[in-house]
Amino acid sequence: MLKRLFLNDIIILSAIGINAFVIFLLYFPSLEHNWWLEFIDHVFILFFIVEAIVKLKELGWKGYFASNWNRFDFFIVLGSLPVLFASYGNLPDTNLLILLRLFRLVRIIRFIRFVPNIDSVLNGLGRALKASVFVLGALFFLLFLLALVTCHFYAKLSPDYFGDPLMSLYSIFQLFTMEGWNEIPAVIAENTDSAITIGLTRFYFALIVLLGGIFGLSLANAVFVDEMTMDNNAELEKKIDTLQSQISELKEILEKQGEDKVEPTKS
């Protein structure tokens with residue numbers, strides 16, 4: 001009975017969904033300390049603890065921890081235990097309790113394991129991150145360089161955006177994301193009467209948007225998407241290779257049949 005209950009993915013997925021809805025309700029200020037909702041949330045913690053115990057008994061320690069998803073689930077279960085104990089006693093550190101309650105939210109992430117082809121998606125994500133390292137590094141170097149240059153020239157004209165290197169770094173990143181690309185030069189133009197300075201400022205910030213926002217982020221996005229979809233391309237290439245080999249075999253069979261028909265006529 002327990003095996004059918006706790007080894008059934010549909011039942012576990014339903015439990016995660018209901019628990020997610022309960023967590024959703026608990027974050028309303030009027031329901032934050034609702035006794036019934038907290039009780040249901042604790043019941044689900046116990047449910048997932050029993051699930052881990054049943055799987056450990058069924059698969060054994062080696063079989064259970066051989067799966068990355070099982071290790072992830074076990075980590076979440078362990079992190080949820082302090083929330084359960086806090087209802088029956090006071091933990092010494094309130095900030096620690098708040099941090100540990102984040103595991104209440106992490107339990108929702110277990111939805112991911114039920115997504116179709118999630119392993120191939122995660123593998124593609126890992127490849128995409130590795131392939132994007134160089135592009136992202138180059139983008140960060142460009143961001144860092146432009147932040148220092150802009151801070152040097154515009155710290156006094158626009159202290160709210162470029163008053164120090166950190167503020168400048170954030171403002172240039174905003175420009176990379178196409179946010180405030182026209183507002184920032186307008187603020188600088190209001191603080192100066194020089195037409196040359198205004199013209200150069202507009203050209204300079206347009207160049208930043210062009211280099212970082214259009215070319216830089218587009219390149220990073222192209223590399224990332226290309227690596228993510230590589231699995232689909234590889235599968236398509238395999239199908240094409242299989243089709244070509246079948247066509248080659250069919251040609252050989254037809255050629256042999258043609259030779260067999262020609263030989264009797266010669267004799």
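Please read all numbers here as calculations on a predicted model, not as lab measurements.

### Remarks on the overall build of the protein chain
Helix and strand counts for the protein chain come out as twelve helices and zero strands. Taking all 267 residues of the protein chain together, the buried fraction comes to 30%. Pairs at least 24 apart in sequence give 65% of the contacts found in the protein chain among residues at least 6 apart. When the accessible surface of the protein chain is totalled, it reaches about 18100 Å², and 67% of it is carbon and sulfur.

### Overview of the nonpolar core
One recurring pattern in soluble globular proteins is that nonpolar side chains are buried together. Core analysis: the largest hydrophobic core is formed by 17 residues, its most contacted members being Phe162, Ile172, Leu175, Phe176, Phe205 and Ile208. Residue assignment for this core shows that the elements contributing at least two residues are helix H7 (118–154), helix H9 (165–176), helix H10 (183–190) and helix H11 (195–228). Counting residues per element, this core draws most heavily on H7, at six residues. Among residues more than four places away in sequence, those in contact with Ile172 are Leu143, Leu146, Ala147, Thr150, Phe162 and Ile208.

### A closer look at unusual backbone geometry
You will see that Met178, though not glycine, has its phi angle at about 70 degrees, which is positive. Relative to the helices and strands, Met178 is located in the loop between H9 and H10. By relative accessible area, Met178 is classed as partly exposed at 39%.

### Description of the packing of aromatic side chains
Under the defined criterion, the tally for this structure stands at 18 aromatic pairs. Here the aromatic rings of Tyr64 and Phe65 are separated by 5.0 Å at their centres, their planes lie at 85 degrees, and the arrangement is edge-to-face. Residue classification places Tyr64 among the buried positions, given a relative accessible area of 2%. Overall, the relative accessible area of 23% leaves Phe65 in the partly exposed class. Here the aromatic rings of Tyr154 and Phe162 are separated by 6.4 Å at their centres, their planes lie at 50 degrees, and the arrangement is tilted. You'll find Tyr154 and Phe162 in the same group, each marked buried. Of the aromatic side chains, those joined through ring pairs into one cluster are Tyr154, Tyr161, Phe162, Tyr204 and Phe205.

### Describing empty space enclosed by the protein
Tallying each qualifying case throughout the model produces one cavity of 30 Å³ or more. Its boundaries defined by the atoms lining it, the largest cavity holds a volume of some 30 Å³. Looking at which element gives the most residues to the lining of the largest cavity, the answer is helix H3 (residues 35–65), with four residues. Grouping the amino acids of the lining of the largest cavity by side-chain chemistry returns four nonpolar, no polar and four charged.

### A closer look at the pattern of salt bridges
Enumeration over the complete set of coordinates arrives at one salt bridge. Residue Glu51 pairs with Lys55 through a salt bridge whose shortest N-O separation is 3.0 Å. Of this pair, Glu51 and Lys55 both sit in helix H3, four residues apart, which is roughly one turn of that helix. Across this residue pair, the class does not change: Glu51 and Lys55 are buried.

### Structural notes on H9
Its twelve residues place the ends of H9 16 Å apart at the C-alpha level, agreeing with the 16 Å of an ideal helix rising 1.5 Å per residue. Taken together, the buried positions of H9 are occupied by Ser168, Ser171, Ile172, Gln174, Leu175 and Phe176. Where H9 begins, the side chain of Asp164 points an oxygen toward the backbone nitrogen of Leu166, at a separation of 3.0 Å. Once H9 finishes, Met178 follows within two positions and takes phi at roughly 70 degrees, a positive value.

### What about the environment of Thr201?
In this fold, Thr201 is placed in helix H11. Expressed as a C-alpha distance, the spacing of Thr201 and Ala189, which sit twelve residues apart in the sequence, is 7.9 Å. Ignoring anything within four residues of it in the chain, the contact list for Thr201 reads Tyr154, Pro185 and Ile188. Among the polar contacts listed, one links the side chain of Thr201 to the side chain of Tyr154, at a separation of 3.0 Å.

### Here's the deal with the side chain of Asp41
Note on placement: Asp41 falls in helix H3. Among the residues examined, Asp41 registers a relative accessible area of 0% and is labelled buried. A polar side-chain atom of Asp41 sits 3.0 Å from a polar atom in the side chain of Asn19.

The rules we used
Residues numbered from 1 in each chain as written. Predicted model: local features only at pLDDT ≥ 70, side-chain atom pairs only at ≥ 80, totals over all residues. Heavy atoms only, no water. Helix = DSSP H or I, 4+ residues; strand = E, 2+ residues; numbered from the N terminus. Buried < 20%, exposed > 50% of the residue type's maximum accessible area, 1.4 Å probe, protein only. Contact = heavy atoms within 4.5 Å. Areas by Shrake-Rupley, 256 points an atom, 1.4 Å probe, with all protein chains shown as cover. Core = buried A, V, L, I, M, F, W, Y, C linked by side-chain atoms within 4.5 Å. Phe/Tyr/Trp six-rings, centres within 6.5 Å; stacked < 30°, edge-to-face > 60°. 1 Å grid on protein atoms, 1.4 Å probe; cavity = no way out; pocket = protein on both sides within 12 Å on 5 of 7 lines; lining within 4 Å. Points joined across faces, edges and corners; volume = space filled by probe spheres on them. Nonpolar A, V, L, I, M, F, W, Y, C, P; charged D, E, K, R; others polar. Salt bridge = Lys/Arg side-chain N within 4 Å of Asp/Glu carboxyl O. Expected span 1.5 Å × (residues − 1). Polar contact = N/O pair within 3.5 Å; in protein donor to acceptor, adjacent residues only side chain to side chain.

Honestly, it's all geometry; don't read function into it.
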